[in-house]
Amino acid sequence: MDPLYQPTLLDLDSKPSASATPSALTKPAPTTRKVTNISWSYSRRSMFEQCVRRYYYAYYGSAARTAKSDAYKSELRRLKVLTNRFERSGELLHLGIARYLRAAQENTATNGTRLMEWLRSILRRDIAYSVRDPEGLHPPNDQYPPKLLREYHYHLQDAERLLEESEQRLVETFHTFTTHPDLEVFRRAGSTSNALIEHRLRLPKRALRVDGRLDLAYQDGGQVTVVDWKSGAADGSGDESLQLAVYALWAIDNFSTAVDHLTIYKVHLTGPDIVSFPVSERMLTLARIRIVQDIERMMAMERYGNAGVVEAFTATPYLKVCTQCPFQRICQEGKQYLHD
Amino acid sequence: MIELNLRIVQPGATLTIAVRRAHITGSSSAAEAPDLMELVCSHLQSRRGLAAIPASRAGFVGDSSVLIATTRTLPTVHLAGDDWELDVVDAGSALETLSFANPAHHVALAELVQRALLIQVARGTDLWRINGRPRTWYDRKPFRCAEGIAAYRRYTMSCIAIPEVGIGVAVDVGTGFFTSDSLAYFFDPHVPQAEQTRRQRRFERLVERQRGRKGTLLYDNSRTHTIAYFEKPPNGVTCATTGPIRLNGESYVSLLEYYRAKYPKLTVAPNAPVVKVSFPGRGRPVWVAADRVHASVMNDNVPQALKQIDKIAPAERKRLIEGIWHQLGPRPFGFLALDVVDEFWRPEERLVVRIAPPALLYGRSGIVKAPLSTDIAAYHAYFRRRQLMLDQSGCYAIPTVERRQIHCVYPSSASEEAVRQLVEDTVAALRRWTNQDWRVTPVPYVTFMTAVEELRQVDRGVALLVLDGEPATYFEAAYQLQGWRLKRVTKHKLSEKHRDRGGHSGNGMKRWQQYVQLTALDLLQQMDAVLWRTLHPNHYEAQLAIDVGYDSRHYALSLLHMRDMCGKPDHATASDFRIVTRALSKADPRQETINHVILADEIWQTVRECLVPDERAVDDPIRSLLILRDGRVVGREREGIEAAVKRLRDDGLLANDACVDVVEIRKDSLKSLRMWEIEATGEVTNALEGTAVRLCDTMALLTTTGRATLHQGTAEPLLLTGEGNSESLLRAAGDVFAGAQLNWASPAMAQRLPLALKRTDSELKARAAQEVRRLR
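Thresholds applied
- Residues numbered from 1 in each chain as written.
- Chains lettered and ligands numbered in written order.
- Predicted model: local features only at pLDDT ≥ 70, side-chain atom pairs only at ≥ 80, totals over all residues.
- Heavy atoms only, no water.
- Helix = DSSP H or I, 4+ residues; strand = E, 2+ residues; numbered from the N terminus.
- Buried < 20%, exposed > 50% of the residue type's maximum accessible area, 1.4 Å probe, protein only.
- Areas by Shrake-Rupley, 256 points an atom, 1.4 Å probe, with all protein chains shown as cover.
- Rg over C-alpha atoms; globule rule 2.2 N^0.38 Å.
- Pairing = 2+ DSSP bridges.
- pLDDT = per-residue confidence, 0-100.
- Contact = heavy atoms within 4.5 Å.
- Salt bridge = Lys/Arg side-chain N within 4 Å of Asp/Glu carboxyl O.
- Core = buried A, V, L, I, M, F, W, Y, C linked by side-chain atoms within 4.5 Å.
- Polar contact = N/O pair within 3.5 Å; in protein donor to acceptor, adjacent residues only side chain to side chain.
- Phe/Tyr/Trp six-rings, centres within 6.5 Å; stacked < 30°, edge-to-face > 60°.
- Axes fitted to C-alpha atoms, helices over the stretch in contact; angles between N-to-C directions.
- Parallel < 35°, antiparallel > 145°, perpendicular 65-115°, else oblique.
- Left-handed = near helix turned anticlockwise from the far one by under 90°.
- Patch = residues over 30% accessible without salt bridge, like charges linked within 9 Å, V, L, I, M, F, W, Y side chains within 5 Å.
- Lys, Arg positive; Asp, Glu negative; His and termini not counted.
- Charge placed at Lys NZ, Arg CZ, Asp CG, Glu CD.

## Some details on the overall build of chain A
- Scanning chain A for helices and strands turns up twelve helices and seven strands.
- Within chain A, the fraction of its 340 residues that count as buried is 56%.
- For chain A, the computed accessible surface area is about 14900 Å², with 51% contributed by carbon and sulfur atoms.

## A short note on the overall build of chain B
- Check the secondary structure of chain B and you find 16 helices and 38 strands.
- Its C-alpha atoms give chain B a radius of gyration of 28 Å, near enough to 28 Å, the size a compact globule of 776 residues would have.
- Along the longest, intermediate and shortest principal axes, the C-alpha atoms of chain B span 80 × 70 × 55 Å.
- Residues counted as buried form 58% of the 776 residues belonging to chain B.

## Here's the deal with the sheet that holds strand 34 (residues 675–678) of chain B
Residue and element names in this part refer to chain B.
- Read from one edge of the open sheet, three strands run 1-34-35, paired in antiparallel fashion. Strands with a single pairing partner mark the edges of an open sheet, and in this sheet they are strand 1 (2–4) and strand 35 (684–685).
- Here three bridges tie strand 1 to strand 34, and the two strands are oriented antiparallel to one another. Opposite I2, over in strand 34, you have E677 as the bridge partner.

## What to know about the pairing of strand 6 (residues 262–268) of chain A
All names here are of chain A.
- In terms of burial, strand 6 is a largely internal element, six of the seven residues being buried.
- Relative to strand 6, strand 5 (residues 223–230) runs parallel, the two being bridged by seven bridges. Within strand 6, the position partnered with K230 by the bridge is H268.
- Strand direction decides the pairing type here: strand 6 and strand 7 (residues 273–277), joined by five bridges, are antiparallel. Within strand 7, the residue paired with Y265 across the bridge is S276.
- Here strand 6 folds back onto strand 7, and the loop between the two strands holds four residues, one of which, G271, carries a positive phi near 140°.

## A closer look at the confidence of the model for chain A
Residues and elements named next belong to chain A.
- On average, residues of chain A score 86 in pLDDT, and 88% of them reach the 70 mark or higher.
- Looking over chain A, one finds the lowest element-wise mean pLDDT in strand 1 (residues 12–13), namely 30, and the highest in helix 2 (residues 52–61), namely 97.
- Segment residues 1–33: pLDDT under 50, and 106 contacts once partners within four positions in sequence are set aside and those in other chains are kept.

## Comments concerning the pattern of salt bridges
- In the structure shown here, the tally under the stated rule is 78 salt bridges over all chains.
- We note a salt bridge from R674(B) to D172(B), for which the minimum N-O separation is 2.9 Å. Separated by 502 residues along the polypeptide, R674(B) in the loop between strand 33 (654–666) and strand 34 and D172(B) in strand 13 (residues 166–182) bring together distant segments of the chain. By the burial criterion, R674(B) is buried, and D172(B) matches it.
- Through salt bridges with shared partners, one network takes in R45(A), E49(A), R290(A), D294(A), R297(A), R553(B) and E771(B).

## Looking at the nonpolar core
- Judged by nonpolar contacts, the single largest core of 99 residues is most densely connected at W250(A), L262(A), I264(A), F313(A), I546(B) and I603(B).
- Considering every element that reaches this core, the biggest residue donor is helix 10 (residues 281–307) of chain A, with twelve residues.
- Core analysis: the second largest hydrophobic core is formed by 75 residues, V368(B), L422(B), A708(B) and W744(B) among them.

## Some words on unusual backbone geometry
- Backbone torsion omega between G271(A) and P272(A) reads 0°, so that peptide bond is classified as cis.
- Among the structural elements, P272(A) can be located in the loop between strand 6 and strand 7.
- The omega torsion across Q10(B) and P11(B) is 5°, close enough to zero to call that bond cis.
- Assignment of secondary structure puts P11(B) in the loop between strand 2 (6–8) and strand 3 (16–25).
- Of note in the backbone geometry, N435(B) takes a positive phi value of approximately 60° without being a glycine.
- Looking at the element boundaries, N435(B) is found in the loop between helix 8 (416–434) and strand 25 (439–445).

## Section: helix 2 of chain A
Residues and elements named next belong to chain A.
- For helix 2, the buried fraction is high: ten of the ten residues fall into the buried class.
- Those residues of helix 2 not exposed but buried are V52, R53, R54, Y55, Y56, Y57, A58, Y59, Y60 and G61.
- Buried residues along helix 2 sit in contact with helix 1 (42–50), helix 3 (73–80), helix 4 (85–105), helix 10, helix 11 (319–322) and helix 12 (332–339).

## Thoughts on the side chain of N221(B)
All names here are of chain B.
- You can see N221 is positioned in the loop between strand 14 (216–220) and strand 15 (225–232).
- Residue class for N221 comes out buried when judged on its relative accessible area of 6%.
- Here the side chain of N221 touches R223 through a polar contact of 2.8 Å, landing on its backbone nitrogen.
- In terms of polar contacts, N221 uses its side chain to reach the backbone amide nitrogen of T224, at 2.8 Å.

## Some thoughts on the packing of aromatic side chains
Residues and elements named next belong to chain B.
- Throughout the structure, instances matching the rule amount to 36 aromatic pairs over all chains.
- When the centroid spacing of 5.7 Å and the interplanar angle of 45° are considered together, the rings of F577 and W744 count as tilted. Of this pair, F577 sits in strand 31 (residues 577–585) while W744 is found in the loop between helix 15 (726–740) and helix 16 (755–770), placing the two residues 167 residues apart along the sequence. Pair check on accessibility: F577 and W744 agree, each one buried.

## Some remarks on the packing of helix 11 (residues 491–501) of chain B against helix 12 (residues 506–526) of chain B
Residue and element names in this part refer to chain B.
- Two elements in contact, helix 11 and helix 12, have axes separated by 7 Å at closest approach and are oriented at 140°. Between helix 11 and helix 12, the crossing angle belongs to the class labelled oblique. Where helix 11 crosses over helix 12, the two elements pack in a sense that is left-handed. On helix 12, the residues touching K493, L494, K497, H498, D500 and R501 of helix 11 are G508, M509, R511, W512 and Y515.

## What to know about the environment of N725(B)
- Mapped onto the fold, N725(B) is located in the loop between strand 38 (718–721) and helix 15.
- Of the polar contacts made by the side chain of N725(B), one reaches the backbone nitrogen of S728(B); its length is 2.8 Å.

## Some points on the side chain of H105(B)
Residue and element names in this part refer to chain B.
- By the element assignment, H105 lies in the loop between strand 8 (96–99) and helix 2 (106–124).
- Overall, H105 belongs to the buried group, its relative accessible area being 10%.
- The contact partners of H105, leaving out residues within four places of it in the chain, are A58, T97, L98 and S99.

## Quick word on a negative patch on the surface
Residue and element names in this part refer to chain B.
- On the surface, E322, D339, D342 and E343 cluster together to form a negatively charged patch.
- Considering the arrangement of structural elements, one finds D339 in the loop between helix 6 (314–328) and strand 21 (352–354).
- A relative accessible area of 33% means that D339 is categorised as partly exposed.

## Observations concerning the environment of Q405(B)
All names here are of chain B.
- In this fold, Q405 is placed in strand 24 (residues 405–411).
- In this structure the C-alpha to C-alpha distance between Q405 and V113, which are 292 residues apart in sequence, comes to 61 Å.
- Residues contacting Q405, with those up to four places away along its chain left out, are W438, R439, T441 and V462.
- In terms of polar contacts, Q405 uses its side chain to reach the side chain of T441, at 2.5 Å.

Below you can see the structure in the form of structure tokens.
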């Protein structure tokens, strides 16, 4: 079952229109409780923050069970599978690292060069397919079909060059991972049998419906380490990362460990830069509350999403958002912003 | 005689300005296009000293050229950015004239004059400003320093078109606070550890890091001042050791090299510490020299010695503004050969309206009559009687609750004595105003969640919470105690007030009593008590306030519905007066506008919540409605309001023939307008509460606070913008003023905002205080 449709673990107020938080002046809350289908994930909240119209397209308009009256349903579903070069190369980098570590866990000889070639071949296959069928009208019926790249679908003039750059970056960052001496500690720890690789993230003990995947986690003696791979360069924002704070919440539950025995790293493979994330009880409280506040905001839009009231989701035309949005074709405001 | 802080550009209503037309040509990234016109005008203003505006502002719809206030031919100007490039080319056509006689030119003329003024301020004075805030300027030096905080005079300038009068130039004065020491002092690694800790804690307090704010900074690169946000302390990094930096397509081996290349006159030592900051609207955080950065300090955090200096009395304000005009000299608009009238604008008496305060009705039919004259003594007595009447007659209506019990939830670490005193005094006040007995259950806690568990064992009720200043705890309280009526006080404030109380100064005791009164009055409001109401009906039976929080993450609606008691106050009931306030999450914080679909639904829901408990609602719908939008009705909000009104009429919640007026009300006047009274003696004082000046048929300035109760500073008027005629605007002004008399939080003082807007404002502040921000 899609986690989006599982019953909630979040106990919130019943009034969907008013926010769940009782303000100082509101009336006593009714005794009934609302059940929400919303599952928080970092990518979901990021999209919500960026543009709620895109959020609608991704989570309601293109979903099979919601917004059934949406006139663009079939096209939205087709566009939803588009992936841009950043997303795809990041995905492949993570795939390569996971393969590398799993092979090491199984004591299989790991050949970084061969893995790198494999990753390149996947990306090239994506490109070939995207060139051949940019509209995505004839998706291959394979077990692992190639991805349709947004750059080709929207006929970007320099799509070929952009993808070449992405391939180059993928090669460089993966090479950094497999060879850089500073990362040996993570390669070795990730190769141990108890290391968790690309592990599904859930927070059942906290009555928060959270979904996600973390890159690497392991316990060495009493010390727990969580690692998040980043394909880009460090940007100095590690201290206030909600994503890493959520990993910390998970690690504390999963390993039954204390804050003092937990280290979280953001590893930027362009560099590389290893940035540690300061974990504290206060930070964990803030993260938990931030998640609840995010879900509240999403809940306020849920009924509109389910009913397919796209106009309730204000588009936020913004260069960096619109140029990477797979739904650009459908979004009038985005199109107008980009082409005016 | 009323006077405004406006000087009229001569020759007034016959003003004309000659302009040249220029076309914009060239290639650009289409995505940048919407901002390009503004960019071109800003560039011409800051680099070429030319006042320019998009032609569309002068009523040339769809025209993509710019109008420039110059008689000379414009040499082609080339502008380029990362992904755009354009030329501004003189159209070669004859000069055009913008004339004040043509109302379609009013906006354009006001903007051109404003730009010309700002060019002259930049060139002809030694004032400085912050990037991105072109209308606000600061004195070169602080006028007062205390305990490491420097207070600067701040001047805000704007222009407004007043029909039949001309273009008015408004200058207002405020105060900006910055730390005297730079961040190099706060993060100096060479002082002993204990001192380092003390300084860093002080920094955190000053910029409210503990409240979840990043910390607002002022970065001075020797050429410009820019607002930045604190990201990271130096941790040993210096200008020479930052590592490579890439900015605007160029690479530098370190910050030191960047400074040497870009700011050769700036003295920066290689070993100078750096701090990481982020700039609004730009990408990643960057290192900057710590000694070029000072912290911006909110008024709440300035030391006692500076607390009152931002309260500038009208006479002093007038003198300071005159000083700016003096600095600007005989040609305040530089190349635009215009002058202003030497005196501030005094509107004709026909434009000044004195709105009388309403009579007020309390419990047991206690009435405070309206003042019979505009005599200041009568107004003094009127405001004084409000408090006396509350003490004597009690609240107009108290909701029926079974148990008069308040749970006082406080941390064990708080002073038991302070908590006890707060509770005793609060309960005494409640008894006085409700004529009912109240009991208090103390709930001390070590961790807040233990208190939550304890409260959950009993029915929902009223709680007085003593909390720390953390947004997380405040949110936790609101979230975990849903359905409770909560009044929060911070432990810090409680201990400060209680300490004051025990001091030798009589003021300390007075401040404590005010604090207790505020707490008790707020508790009553949480319980839906109606402290008093206006005796007679207003022009509009209901007022709906629409407000968006400062960071656009929440919005709030508040409906105040007052039925006419048909002249029988003895038979008044609580249902004659209701107010419902709802604060809601806003999904699209990047935009100020409220989504029209959601706005329509939530207006309907708010009216319904307010009326449906009243069994008369179906037969007795709202007969007239004043909608007050704080700020502007933006985006498609108009559609949302219209859809809501239609639905309310269809559902019988609003009478079919009900008059509905929408008025924009600016809490923070964008136009920096002030008014004061010139007495017969020549003395400059605040205008009396309720003084309104009609600027035109659709715009009025209203002062709700004033001379009778404002003892420090100058009243801040509200700017009301309607869409009907002068009559409906004055009706709205009258009701806004009447709404402001429901100043339940401070009976003896005039309140600036009408109750409905005050409620939305309070709710939005409460929500903002709960929001976890820095994690993202």
